Amino acid sequence: NASGARRARKRSSGESPWEGQTLKRKATDTEEEDDQTEKKYRKCEKAGCSAVYPVCFASASERCAKNGYTSRWYHLSCGEHFCNECFDHYYRSHKDGYETFAEWKKVWTSNGKSEPSLKAFMADQQLPFWVQCTKPDCRKWRQLTKEAQLTPALAETYRCGMKYNNIKSEGPDQCSQPEDLRVAEVSDSWWHSMLILPPLLKESPASPFLAAYYPDCVGMSPSGSSSSASSSELKADAHRAVSSVFSLSVSGLSQYFQPFYQPNECGKALCVRPDMMELDELYEFPEFSRDPTMYLALRNLILASWHKNCKKVLTAEKCSQHIIVRGLVRVRCVQELDRVLQFMTRKGLINTGVLRVERPLLPEGYRSVIPLKSRDRIGGRVWDDTSLGVMVGRGAQIVNGCVNNPIALMCEQMDIKMHKLGERCELFQKGGQATDPTIDKRMDFHFNAILDVVSEWRKDKSQSQDTPLGEKVQEVKKNFLQESGMQFSELEEKVLQFHLSNLEFACGSTLDKVSARSWDHNEFFAQFSGDHTLLTKGYYVLLHKLAEGLDICTNCPVLVTVPLILLQKNLIHFNPPLPERKLKAIHSLGAGIIEKIALQFPCRFWDKKIQGADYFGNIPPVPEKRGMFSVFYDLDPQGKNAVLMSVISGDAVAAVQDMEEKDVVNECMKVLRELFKEQEVPEPVNYFVTHWSKDVWSQMSYSFVKTGGSGEAYDILAEDVQGKVFFAGEATNRHFPQTVTGAYLSGVREASKMTAV
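It should be emphasised that the depicted structure is a prediction, and the values quoted were computed from it without experimental measurement.

Enquirer: Please explain the overall build of the chain as it appears in this structure.
Expert: Check the secondary structure of the chain and you find 26 helices and 17 strands. The buried share of the chain, taken over its 757 residues, is 52%. Across the chain, contacts joining residues at least 24 apart in sequence account for 70% of those joining residues at least 6 apart. With the model as given, the accessible surface of the chain reaches about 36,300 Å², and the carbon-plus-sulfur share is 50%.

Enquirer: Looking at this model, I keep getting lost on helix α16 (residues 437-457). Mind explaining?
Expert: One full turn of an α-helix is made of 3.6 residues, so residues set three or four places apart face in the same direction. With 21 residues, α16 extends 30 Å between its outermost C-alpha atoms, agreeing within 8% with the 30 Å of an ideal straight helix rising 1.5 Å per residue. Taken as a whole, α16 has its buried residues at Ile439, Asp440, Met443, His446, Phe447, Ile450, Leu451, Val454 and Trp457. Down the axis, α16 shows its buried residues gathered within 135 degrees of arc, on one side only. Summarising the geometry of α16, the exposed residues directed more than 90 degrees from the buried face are Pro437, Lys441, Phe445 and Asp452.

Enquirer: Whenever I open this one, the packing of aromatic side chains confuses me. Can you help?
Expert: Two aromatic rings are characterised by how far apart their centres lie and by the angle between their planes. Within this structure, the stated rule accounts for 26 aromatic pairs. Ring centres of Tyr74 and Phe87 lie 4.5 Å apart, and the angle between their planes is 5 degrees; on these two criteria the pair is classed as stacked. Of this pair, Tyr74 sits in strand β1 (residues 73-77) while Phe87 sits in helix α3 (residues 84-91), and the two are 13 residues apart along the sequence. Summarising the burial analysis for this pair, Tyr74 and Phe87 share the class buried. Considering the side-chain rings of Phe288 and Tyr295, the 6.1 Å spacing of their centres and the 40 degrees angle between planes classify their relative orientation as tilted. Tyr295 carries the same exposure label as Phe288, and that label is buried. An aromatic cluster of at least three residues, connected via ring pairs, comprises Phe428, Phe601, Phe605, Trp606, Phe616, Phe632 and Phe676.

Enquirer: How do you make sense of the pairing of strand β2 (residues 80-83) when you look at a structure like this?
Expert: Along a regular strand, successive side chains alternate from one face of the sheet to the other. Taking every second residue as pointing to the same face, both faces of β2 are buried, with Glu80 and Phe82 on one and His81 and Cys83 on the other. Bridge count for β1 against β2 is 4 bridges, and the pairing is antiparallel. Opposite Tyr74, over in β2, you have Phe82 as the bridge partner. The antiparallel hairpin formed by β1 and β2 contains 2 residues in its connecting segment, where Gly79 sits at a positive phi of about 130 degrees.

Enquirer: Sorry if this is basic, but what is going on with the pattern of salt bridges here?
Expert: Opposite charge on two side chains makes pairing possible when the charged atoms of those side chains draw close. A full pass over the atoms with the stated rule returns 41 salt bridges. In this structure, the salt-bridge partner of Arg339 is Glu336, at a minimum N-O distance of 2.8 Å. Of this pair, Arg339 and Glu336 are both found in helix α14 (residues 329-347), 3 residues apart, which corresponds to roughly one turn of the helix. Given the relative accessible area of 7%, Glu336 is considered buried. Here Arg442 makes a salt bridge to Glu492, at a shortest N to O gap of 2.8 Å. Taken together, the residues span a long stretch of sequence, with Arg442 in helix α16 and Glu492 in helix α18 (residues 490-507) at a distance of 50 residues.

Enquirer: I would appreciate a short explanation of unusual backbone geometry in the present structure.
Expert: Excluding glycine, most residues fall at negative phi; most peptide bonds, likewise, are trans. For the bond running from Asn575 to Pro576, omega is 0 degrees, close enough to zero to count as cis. Mapped onto the elements of the fold, Pro576 is located in the loop between α20 (564-568) and α21 (580-588). Positive phi, normally seen in glycine, also occurs at Asn264, with a value near 70 degrees. Tracing the backbone shows Asn264 in the loop between α10 (242-249) and α11 (279-284). On the basis of relative accessible area, Asn264 is assigned to the exposed category, the value being 67%. Not every positive phi belongs to a glycine, and Gln699 is a case in point at roughly 60 degrees. Within the fold, Gln699 resides in the loop between β16 (686-689) and β17 (702-705).

Enquirer: Where do I start with the sheet that holds strand β14 (residues 628-634) in this structure?
Expert: Backbone hydrogen bonds hold the strands of a sheet together, and the pairing may be parallel or antiparallel. On the basis of which strands lie adjacent, the open sheet formed by 6 strands has the order β9-β13-β14-β15-β12-β16 and mixed pairing. In the strand order of this sheet, the two ends are held by β9 (427-428) and β16, each with one partner. Relative to strand β15 (residues 643-648), strand β12 (residues 595-600) is paired through 6 bridges, and the arrangement is antiparallel. Looking across to β15, one finds that Leu599 is bridged to Leu644. Contacting β9, β13 (615-618), β14 and β15, α18 crosses the sheet at an angle of about 75 degrees to β14. In the packing of helix α24 (residues 661-675) onto the sheet, contacts are made with β9, β12, β13, β14, β15 and β16, and the angle to β14 comes to roughly 75 degrees.

Enquirer: For this particular structure, what's the right way to read the environment of Ala155?
Expert: Tracing the sequence through the fold places Ala155 in helix α6 (residues 152-157). Sequence-wise, Ala155 and Val131 are 24 residues apart; in three dimensions their C-alpha atoms are separated by 6.3 Å. Beyond its immediate sequence surroundings of up to four residues, Ala155 is in contact with Val131, Thr134, Leu150, Gln321 and Arg330.

Cut-offs applied
- Residues numbered from 1 in each chain as written.
- Predicted model: local features only at pLDDT ≥ 70, side-chain atom pairs only at ≥ 80, totals over all residues.
- Heavy atoms only, no water.
- Helix = DSSP H or I, 4+ residues; strand = E, 2+ residues; numbered from the N terminus.
- Buried < 20%, exposed > 50% of the residue type's maximum accessible area, 1.4 Å probe, protein only.
- Contact = heavy atoms within 4.5 Å.
- Areas by Shrake-Rupley, 256 points an atom, 1.4 Å probe, with all protein chains shown as cover.
- Expected span 1.5 Å × (residues − 1).
- Arc of directions from axis to C-beta.
- Phe/Tyr/Trp six-rings, centres within 6.5 Å; stacked < 30°, edge-to-face > 60°.
- Pairing = 2+ DSSP bridges.
- Salt bridge = Lys/Arg side-chain N within 4 Å of Asp/Glu carboxyl O.
- Axes fitted to C-alpha atoms, helices over the stretch in contact; angles between N-to-C directions.

As structure tokens, then:
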């Protein structure tokens, strides 16, 4: 018949069929009758719209055109239109629907930022919901009746033929009924370009995270806010403490989970702006560059859902249940969801850590991996020791900055409690006298002021103008004292030496080798903030959980996640040789080294003097002793075990390198007996001293930028060779070098790169 012929012509020209499958028109037999019929209909005036015979989805006015003629069709998408009569029903003040529109408009303007147009009202309130059949061998999309409300529970359980479905069909097998032809068009690229309004989700899991944002700027509907306060009220005080808004909004969430920047926040690692796409997202999803709303809605939903329950794998099926938005755009959102979720999984933002995975997260080609370890154990420079009755990390044990830190995430997944390190650190002098806190604060101020001057100096300096940090610090100090006429007292000089020893601990090197221009290069990037914590159970509990189910081959020294110094010493032969650019970068970084000593005592002799502090400091009696047991850590501050751990850094490392362990212990005991001179300090009942510099597969602790080098070397080390050899480890992570977190994230980064090859 004629309508069938028109459908055939439309399909051949790329146009869509009628919007209503159940609507039929009587065919005409002559061309004259056909022309008369055409006058009863009006096509959508939107350029490029494929709907030749639109159908009004609203049916609000008694005079609704339905599938007939109207003076104007209002386009929402290719497949969704409303007639001029229904427009007037809501828009004209004398019409019955005006009050409904006015009330919605009041809520929208109170919470949102976008225009409260009638089209926005229709998309937000009047379009029907679409839901997908959950039967595995069906998965067809069905349109709900106008009155039906979509909920996550309904989306999770919906089957064709449920009473909410408006498709009237006889027979027992409702799934056998054909899917609306409009659904097939939604997946076409042109369909999205013809969408008038972006999808704004209702009751998104991201809503409590983003209470300080305008909902429509972060992919959510202003009419669907569950907050009792309007968004305009939240924005009224621009200087509101955003952390309090966040913590109050997301009850029950770990304080270390802050995936979204709050307004006016910056500099927080692994945090995203909920109102804009990042560069790698724009590269992966260029189709959303002009209007990122759909992407932001999906990404924010996924991130929030993951952080609400990080102990279970987040799937597209779980997320799709929470995509509550009217119209065919919900079909498109669900289709895009899987791409976004896989991208975020590869990036390591979700589905990461110590998850128990029942089925692979990525396609089959990405799943074949055999870890090879050079040692007879896993961990490398992470090495837990329990010989002293408590867990002592011979290597790493402290987490610096827990907010969004993957290590904190793993602890949350395994219900492991970390010990928050306090800020109090009393400094004791030779003879046991405590240092006046005002002197410590004053010298800490001068120490940081010296580094600030170094930062100003380097702003216009090239690599060739670099100088050792130690020399620059002494130069700045000398100039300051000359210009100010001040003189530091003997004690103040010693306290300054203590702070310099901490700087050498941080760099893993004496300051005469460290770049004054780039010593803190990573501080130009967002860093992990929040509490510093001690892993009282050590790192092994996390590593062994990560290793579950993996076929790890030990005693196989071949992978390129080795410490930097092993590359510098050419202990691995590459054929063909590494590019000159990479070799230059390898040698522009320094191989830092610190050592540790741990002592177990028969009693906690320090308790009365330290009074529950997590650590205490040792003021070096002379500059030559700087770095020799500068800080002592109580490894069981709230328990009964008596174990102290201290660090050897700077020039002190070379001083103890060839000493016997008992001699190092004797030196340490001399220091402790000076610090606690007023009482008897017992002999240790057990101890150990690390020898990382002599460890054949380490020979170092962590990297630093040498004089004349730059932070760019970390990026160059991270470059793969011909897409076949990949490099990971802390010395390949420019943002987070020197840390277990940085090493872990470099592994996530390389795994993501391999999936793209």
